[in-house]
Every structure is written in C-alpha cells, then in structure tokens.
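Chain by chain, the residues run as shown.
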Amino acid sequence: MRTELVTEPGDPDRPNEDFAAIGLPASGQGGALVLLDGVTPPAAGTGCLHSVPWYTARLGGALTELSVSLRDVPLTELLATAISRTAEAHAQTCDLSHPRTPQATVVLARWSPATVEHLVLSDSALLTESPEGTVTAHLDDRLSRVPRAWLTTDAIADATVRNKEGGFFTAAADPSVASRAVTGSLPRDGVRALAALTDGATRWVEKFTEGDWTACFTAVRKEGAGALVHRVRELERADADAGRPRLGRGKTHDDATVAYVEL
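Residues numbered from 1 in each chain as written. Predicted model: local features only at pLDDT ≥ 70, side-chain atom pairs only at ≥ 80, totals over all residues. Heavy atoms only, no water.

1. Focus: the side chain of Arg 203
Piece 1. By the element assignment, Arg 203 lies in helix H4 (residues 199-206).
Piece 2. Among the polar contacts listed, one links the side chain of Arg 203 to the side chain of Glu 236, at a separation of 2.5 Å. (Helix = DSSP H or I, 4+ residues; strand = E, 2+ residues; numbered from the N terminus. Polar contact = N/O pair within 3.5 Å; in protein donor to acceptor, adjacent residues only side chain to side chain.)

Listed below in structure tokens is the structure:
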C-alpha cells in the first residue's frame, strides 16, 4: 500500500488550520483517511478561547481513533460522536452557540476488504479512481450554489447561510450536522486509489481551471502530492504578480493539504 500526505500553510507566519491523518488498524484489515480544513476565523472573534488548529487537532484526532477502532459504526455516527466529544472539551469555557465557533470541513474515507465508504461535508474533495482509471469526484457542492451576495461579509453569511437550511454546513459544535454530509459506499474491488484535498489544493481545478478532476488525480499519482501543492503555489504567485487575483478567492495563498492512498 502506498500512502502520501502533504500539507503546507498558506502563510508561514500563521498556524496551519488543516488536519490530515491516515490510520491503518493493527489487524491489517482496511484503513481510514481523515482530512479537515479549519475555517479561518473573522477578526471579530469566535466566542471561543481556543484556536482553529486546536479544534481541528481535537476533532481530527477523535475521528482518526473512531474510524479505525469502530469499524462497524456508520461514518455519520462517527462524525457526530467526534463533534460531541470535541464540544465537551471546551463547553465550559467557550460560547459554542456563536456562529463562528471553531469549525471545519470534513472528508472521511474508510476501507475494508469489501467496501470503501466515504463522507464529505462542505468544500473539501474526495477523489476515487477505479481499476480502469476512471476518476470520480465526491463533493458537497452546497457552498458553490450559495448566491455570492450572501457571502459578501461574514455577518451576512453567518446570518443567512452558514450551517443553515438552504445554505451550507460545516462541523462545529452541533453533532446533528453529521446527517447533512454527503455519503456513499463503493465495492473495494472498484477502487484502486483515492485522494482527499482541502480547497487550498483543489484551486488547481476549481479556481485556476488547469485541468479536470482526472488530470488533478493523475498529477498526484504520477508526480506526488507535493507537486500539486507546488503547482498551486506557482499559479497563485503568478496571479498575484499580474495584479489579477481570481474572483471568489479571498486569500492569495490558502493552507493546502493532499492525502493519497493506493489500496
């Protein structure tokens, strides 16, 4: 089995808010992949004493443990349990009802000798490749369907679409959000490899349109996860130097994480 994990902060002077892990049970049967993209907090604060990296480390650690140890529990239940466990860790000190309490996008994948299960919540991506080379993107596209006017400011987004019906959802402090995730299952013999990417890495496809999901997956498989992140950084720098930042991209550079597994 080949595994590869690369993560790079968007700003070397700021902590990386992404989290990724690959877990392989001691039994040697199957495994799991966890990837989170922490939501950068607004200047106005989050009502929490803790940082986004604290949150993603807590939630990611819980998800890694649960997805490896509780092999028969559905992924949505694992996510709900991990959210509850993380919320309990700071409920006594922080305002978890605040709309910007620390939160993250989620990608989970878990494989056994029989199946490959997946869960995606918000705008990170999971790609699977069949033995014939067909690449399928498993996405939660609700954020991309939100009218841009509703995302003009943090206040508008928080009041109208963040973790609200008709908007988009992230993992924060409410375990019920797990039921909103996009989930599915594939036969194990129908998946040769998979890759998870935060939106700092999916920019290569979604913002810079350098290629489709198949080209993106092929680049990771042939050149490595680090090569894709490097390509994104080059595109970002060229865009900034030309003075034409792409529409809809709030940061020149974002934390970028790619996890790759050949089954």
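Having put the structure on the table, let's press on.
2. Some thoughts on the packing of H4 against helix H5 (residues 213-223)
Piece 1. Relative orientation of the contacting elements H4 and H5 amounts to 125°, with a least axis distance of 9 Å. Taken as axis vectors, H4 and H5 run oblique relative to one another. Handedness of the crossing formed by H4 with H5: right-handed. Residues Thr 202, Trp 204, Val 205 and Glu 206 of H4 form the contact with H5, whose participating residues are Trp 213, Ala 215 and Cys 216. (Axes fitted to C-alpha atoms, helices over the stretch in contact; angles between N-to-C directions. Parallel < 35°, antiparallel > 145°, perpendicular 65-115°, else oblique. Left-handed = near helix turned anticlockwise from the far one by under 90°. Contact = heavy atoms within 4.5 Å.)

3. Some words on the nonpolar core
Piece 1. The biggest cluster of nonpolar side chains holds 25 residues, and the ones touching the most others in it are Leu 36, Leu 59, Leu 63, Leu 79, Val 106 and Leu 121.
Piece 2. Elements supplying a minimum of two residues to this core: strand E2 (18-23), strand E3 (31-38), helix H1 (52-69), helix H2 (75-90), strand E4 (104-111) and strand E5 (115-121).
Piece 3. Top contributing element to this core by residue count: H2, with 6 residues.
Piece 4. Not counting chain neighbours up to four residues away, the residues in contact with Val 106 comprise Leu 35, Leu 36, Leu 63, Leu 79, Leu 119, Val 120, Leu 121 and Ala 171. (Core = buried A, V, L, I, M, F, W, Y, C linked by side-chain atoms within 4.5 Å. Buried < 20%, exposed > 50% of the residue type's maximum accessible area, 1.4 Å probe, protein only.)

4. A short note on the sheet that holds strand E8 (residues 182-187)
Piece 1. Reading across the sheet, the 5 strands line up as E2-E3-E4-E5-E8 and stay open at both edges, with antiparallel pairing between neighbours. Both outer strands of the open sheet, E2 and E8, are each paired with one neighbouring strand and no more. Looking at each pair of strands side by side, their axes are set apart by 5° on average, direction ignored.
Piece 2. As paired elements, E5 and E8 share 6 bridges and run antiparallel to each other. Note on E8: the bridge partner recorded for Val 116 is Leu 186. (Pairing = 2+ DSSP bridges.)

5. Comments concerning the sheet that holds strand E10 (residues 256-262)
Piece 1. Pairing is antiparallel in the open sheet, where 5 strands are placed in the order E1-E10-E9-E6-E7. On the outer flanks of this sheet lie strand E1 (2-8) and strand E7 (135-138), each paired with one strand and no other. Taking the axes of each pair of neighbouring strands and ignoring which way they run, one obtains an average angle of 10° across the sheet.
Piece 2. The pairing of strand E6 (residues 125-129) with E7 spans 4 bridges and is antiparallel. Bridge pairing links Glu 129 to Val 135 in E7.
Piece 3. Along the sheet, helix H6 (residues 225-241) contacts E1, strand E9 (193-197) and E10; its crossing angle with E1, the most-contacted strand, is approximately 30°.

6. Examining H2
Piece 1. Over its 16 residues, H2 extends 23 Å from the first C-alpha to the last, a length consistent with the 22 Å expected when each residue adds 1.5 Å.
Piece 2. Restricting attention to buried positions, one finds in H2 the residues Leu 75, Leu 78, Leu 79, Ala 80, Ala 82, Ile 83, Thr 86, Ala 87 and His 90.
Piece 3. Of the surrounding secondary structure, the elements contacted by the buried residues of H2 are H1, E4 and E5. (Expected span 1.5 Å × (residues − 1).)

7. A word on the packing of H1 against H2
Piece 1. Contact geometry for H1 and H2: axes closest at 9 Å, N-to-C directions at 140°. Taken together, the axes of H1 and H2 lie oblique to each other. Classified by chirality, the crossing of H2 by H1 is right-handed. Where H1 approaches H2, its residues Trp 54, Tyr 55, Arg 58, Leu 59, Ala 62, Leu 63, Glu 65, Leu 66 and Ser 67 are matched on the opposing element by Leu 78, Leu 79, Thr 81, Ala 82, Ile 83, Arg 85, Thr 86, Ala 89 and His 90.
Piece 2. Taken together, the residues of the contact of H1 with H2 sort by class into 11 nonpolar, 4 polar and 3 charged. (Nonpolar A, V, L, I, M, F, W, Y, C, P; charged D, E, K, R; others polar.)

8. As for the pattern of salt bridges
Piece 1. For the structure on display, the rule yields 17 salt bridges.
Piece 2. Between Glu 165 and Arg 180 there is a salt bridge, with its nearest N and O atoms 2.8 Å apart. Taken together, the residues Glu 165 in the loop between helix H3 (154-160) and E8 and Arg 180 in the loop between H3 and E8 connect sequence positions 15 residues apart.
Piece 3. Judged by relative accessible area, Glu 165 falls into the exposed class, the value being 62%.
Piece 4. Via salt bridges that share partners, Glu 8, Arg 203, Arg 233 and Glu 236 belong to a single interconnected network. (Salt bridge = Lys/Arg side-chain N within 4 Å of Asp/Glu carboxyl O.)

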